[in-house]
Amino acid sequence: MKEYKIVVLGSGGVGKSALTVQFVQGVFVEAYDPTIEDSYRKQIEVDGEQCTLEVLDTAGTEQFTSMRDLYMKNGQGFVLVYSIAAQSTFNDLEDVRDQILRVKDKDRVPMVLVGNKCDVDDSERLVGKDQGANLAQKFGCTFLESSAKARINVSEIFCDLVQQINKEVVPVPKPKKRKCTIL
Amino acid sequence: MLVSLAQQQILYLQAEAEESRLKVYGKNAADQRYESNAKSYDDADAKNTTKKSSQEKDASGNTSSPDSELSRNCCAHAKCFPLFRRAKYYRKEKSKQPPPMLMKKDNCRFWGEEKDKDSVWGVFLKKVRYQRPSAIVQIVQAGGNHNIPGNAAGETEKQNGSESPDESQGEIAHLMWETVRIKVLRAGTLEKVVEAVANDDTDVQATHLSVFLATYRTFATAPQVLSEILSIYKKATTDMVRKSMLDALHVWLDTFPEDFEQGSEGYDCLHKTVLPFTQEENLKSLSLKVQYKLRARKKMKKAASVHSLRTSSPLQIKTYCLMSIPESHFARQLTYFDKELFLNLRVWECLGQLWKRRCGCPTVQATVEQFNALSGRVVATVLLDQSATIQMRAKYLDKWIRIAQELRQLKNFSSLKAIISGLESNPVFRLSKVWNLVSKDRIAIYSQLSQIFSEENNRMAQRTLLEMEGTAKFPTQSKSPKDRRFFTRVLRGPGAASRLAAAAENDTPNGTIPYLGTFLTDLTFIDSAIPDRVHENLINFEKRRKEFEILAQLKLLQGSAKGYRLDEDPYFTTWFNSLVVLDDKVAYELSLAIQPDRNPVKGHRKNDSFTSNSSSENTEQALQRKGSIPSSNESSIMYSPTTGNSTANGSGVLSVNPEFIVVKVSSPSKGDVMYKSIMVGNSDHTPKVIASALEKLGMEEEDPKNFKLVQVLPHKELKFPPNANVFYALDTSVHPTDIRLEVRPNAASIHNNNNTISHTHSKNSVSKLSTRSS
């Protein structure tokens, strides 16, 4: 069973935690407890393969800015979330993405850009779908609009990320022969 | 060892004293309670904790244990070593099962739910020691084998208390237990929520009040609550209700004076609605009390402002620099800041809903700022100073690690985490050339410290440590002398054993300062996961209860933080505040200037270093590694050369004796996909590991003797002897995050236990599936 470490990032109040809870927990459970070991662990099937996802959500600690690097270092795939009802949360993401690339020291990292709260009325929408799509194109990543509340595109985010991670990891040929080395 | 035992004893006794105080308070109802100032809130906290622990007790003991002596011990135990988490495991398992018909809760059985238009109540039947009929509570039924007709018509409930040995000595003698009916508010309108403060059961009443006062800000304003209390008071038909309302106001004033600060809505409202009542008989005392409180508060404020004037005066007589300040002094000063911030923290500001809005949470904000300030200063001190050689920078790193060590000793997890974050922030972390010059021992200690805050398994290491040490006076110490030596080394550096002993002798009490972020995350998640309103717009009070559990932990830790004896060094403060903090991008550029990107062809370096390191692993596994030490191909001559990235919990550290290692455990019948993580300490032997594995897997009813422990390796299995030191016996050649153990029933005991085992397992796995499949 493969394990994937997913990190959910985004400004405060974009509904990250709701998205994570919706994904990990699914239905509303009365005895929900965020403090136990496997609160954020979930098994899903992607392309016919079972895998375990460990979701690290930074909700509530967005302002501990020095912690971000730490989160990023440990993640394999990233969900960048903004709220379509708050422009500033959208603008913040470019910096976040730069930081990820710096920390990972790569040009490309498995990533999904998510415009959350797509259940709001059109009158409240401030970030257009095309804006999101353009940014995703710039990032070279997948774009999805989702709603934790209406359960739209929640598991899709994570499935896509797993696929991206799978694609990224090209099987490395094993060393041809293992030789005994006498020191 | 003896010392720590003695401490436990003392804590135990203190807890018992506390407990008996609670008993008294239970009997004399509210009277005494509110006299003793803010104590009552703390009492309620303690109750909250004890409740959980007895719940746990019940869970393990299948039938509800009626022995109050036992539960007292258990309460005392909980007070010393809060068992928040273990109780929670139990709850989680519980929740996965189909809705329980009988829910056990603190000697309570869930009986049913009562609904009306504007409230929903959970009804419990609680077993209590029998009191003479004059008792205030509503008796449903009592007696050993004799049934005394209940006076609550229509509600009969089987009594299952213990039978008194001297049953024949008359009727009263064997009335050991009685069952009382308790109503606990689950949801309701604001009026009902306030009204529920008046409850027959004093325990329920105190808890409800504490939960209410700590969380009401999420659903009402102070004036709303105030007017609700007064209107209920005026309408009240019984003395009990009137008294409860007055008590509620008293406690509110005592525990949350900030709600009535001058200029706040609460203050105005108080002046308009309560103060004019000096003429009315009942309200007179309240009114006077409020006036007195407000005056006292004003005085305190004046004193505080004088104090702040004194400290803010410019002081630049001594010139400090990072390297010249002794680590212990540095750490103590940081702890002084944190202690002040933590004691001033208004825990309710941490509530997900309030913190998310980022308004009116100045005390949380201040904590966050101090955290960032420290991390930022760590980064800046290492990167700035353009003339510094890499040797010098390595000394800076070394210094910060030493300070972190001191912070660990002081149990200041907030600053400890801030320093670790600073060191692990990319601009510093990537400087492998500098890191390579830090001594091997220091790096090992650093890995240990950083492992405390591993995000692995929902931050299990951190939570467990906090649970163990939260209210203890000293950091936990290992048993064997050899380990203890290492332990003191981790804590204070070489030669610190004597200092530690001296500290213990003087009994300098230490508090604990937790890293607030974990609490903020937990509360944010509770807020997202549980709806505010249920049953057509009723306030979901169950949610508030859950939030309060976490706030109560913070409250408890705040209590322990009072134990710090620290004085401020104003010179240090001035110096610390004068340090520069760098912008992210500037820091990165400075970092590049110190060590340029060696490999301009991006995207390959990381992978290369991973795969070249271990031919047996595939890349995904390699990618899952948690970095803790900067990896570099050049580092091969240094400490833990090829597995640089895994030293945090890997074999590299084993050579210098870490305190514990995190392993995955599963049981064959649970399917190998579901595992739990446990910590294996370096003095843990097979039986203890089996026991903790069983507990974690929700199989605590099983007898550990019937199980054996096996390490699952890619091509073989390693069976542990019945009394091996598991920590040292583990095969650590595999990837450190991939150490898997299995507990298996012994062949001999399979026959006896097969049924029960498979039963438990299937139940667990089914319930697991049901929650996970969606």
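Residues numbered from 1 in each chain as written. Chains lettered and ligands numbered in written order. Predicted model: local features only at pLDDT ≥ 70, side-chain atom pairs only at ≥ 80, totals over all residues. Heavy atoms only, no water.

A. Main features of the overall build of chain B. In terms of helices and strands, chain B carries 32 helices and twelve strands. Burial analysis of chain B (774 residues in total) assigns 56% to the buried set. Sequence-distant contacts in chain B: of pairs separated by 6 or more residues, those separated by 24 or more amount to 71%. Working note: accessible area of chain B is about 33300 Å², and carbon and sulfur atoms make up 54% of it. (Helix = DSSP H or I, 4+ residues; strand = E, 2+ residues; numbered from the N terminus. Buried < 20%, exposed > 50% of the residue type's maximum accessible area, 1.4 Å probe, protein only. Contact = heavy atoms within 4.5 Å. Areas by Shrake-Rupley, 256 points an atom, 1.4 Å probe, with all protein chains shown as cover.)

B. Representation of the packing of aromatic side chains in the model. Tallied over the full model, the rule gives 18 aromatic pairs over all chains. A centroid spacing of 6.1 Å and a plane angle of 45° characterise the contact between B:Phe212 and B:Phe219, whose relative ring orientation is tilted. For B:Phe212, a relative accessible area of 1% corresponds to the buried category. The exposure class of B:Phe219 is buried, given its relative accessible area of 14%. Above the plane of the ring of A:Phe23 lies A:Lys42, whose end atom (NZ or CZ) is 5.6 Å from the centre. Sitting over the ring of B:Trp121, B:Lys183 keeps its end group 4.7 Å from the ring centre. (Phe/Tyr/Trp six-rings, centres within 6.5 Å; stacked < 30°, edge-to-face > 60°. Lys NZ or Arg CZ within 6 Å of the ring centre and 35° of its normal.)

C. Examining unusual backbone geometry more closely. All names here are of chain A. The phi dihedral of asparagine 153 is positive, around 55°, even though this residue is not glycine. In this fold, asparagine 153 is placed in the loop between strand 6 (142-145) and helix 6 (154-168). Judged by its relative accessible area of 23%, asparagine 153 falls in the partly exposed class.

D. Examining the pattern of salt bridges more closely. Inspection of every chain in the model, using the stated rule, returns 30 salt bridges over all chains. Taking the shortest distance from any N to any O, the salt bridge between A:Glu62 and A:Lys16 comes out at 2.6 Å. Of the two residues, A:Glu62 sits in the loop between strand 3 (49-57) and helix 2 (68-74) while A:Lys16 sits in helix 1 (residues 16-25), which places them 46 residues apart along the sequence. Notably, a salt bridge pairs B:Lys543 with B:Asp532, separated by 2.6 Å at the nearest N-O pair. You can see B:Lys543 sitting in helix 24 (residues 541-561) and its partner B:Asp532 sitting in the loop between helix 23 (516-529) and strand 6 (533-534), a full eleven residues away along the chain. Of the residues examined, B:Lys543 reaches a relative accessible area of 1% and is grouped as buried. Here the residues in one salt-bridge network are B:Asp527, B:Asp532, B:Lys543, B:Arg544 and B:Glu547, joined through shared partners. (Salt bridge = Lys/Arg side-chain N within 4 Å of Asp/Glu carboxyl O.)

E. Broad picture of the sheet that holds strand 6 of chain A. Residues and elements named next belong to chain A. Sheet architecture is open: six strands sit in the order 2-3-1-4-5-6, paired in mixed fashion. The sheet is open, and its two edges are formed by strand 2 (41-46) and strand 6, each paired on a single side. If you compare each strand with its neighbour and ignore which way they point, the axes differ by 30° on average. Taken together, the six bridges between strand 2 and strand 3 define a ladder with antiparallel strand orientation. Looking at strand 3, one finds that lysine 42 is bridged to leucine 53. Across the sheet, helix 5 (residues 129-139) is in contact with strand 4 (77-83), strand 5 (111-116) and strand 6; its angle to strand 6 comes to roughly 155°. (Pairing = 2+ DSSP bridges. Axes fitted to C-alpha atoms, helices over the stretch in contact; angles between N-to-C directions.)

F. Fine view of the confidence of the model for chain B. Residues and elements named next belong to chain B. Looking at chain B, pLDDT values average 67 and 58% of them are 70 or higher. Within chain B, the element-level pLDDT minimum falls on helix 29 (residues 651-654), averaging 32, and the maximum on helix 16 (residues 413-424), averaging 92. In the model, residues 135-170 has pLDDT below 50 throughout and makes 62 contacts with residues more than four positions away in sequence or in other chains. This stretch, residues 749-774, has a pLDDT under 50; its non-local contacts, to residues over four places away or in other chains, come to 40 contacts. (pLDDT = per-residue confidence, 0-100.)

G. How the structure looks around helix 14 (residues 362-383) of chain B. Residues and elements named next belong to chain B. Under the 1.5 Å per step criterion, the end-to-end length of helix 14 is 31 Å for 22 residues, consistent within 8% with the ideal 32 Å. The buried fraction of helix 14 amounts to 18 of the 22 residues, a majority that puts the element mostly inside the structure. Taken from the residues just after helix 14, aspartate 385 is the one with a positive phi, measuring 50°. (Expected span 1.5 Å × (residues − 1).)

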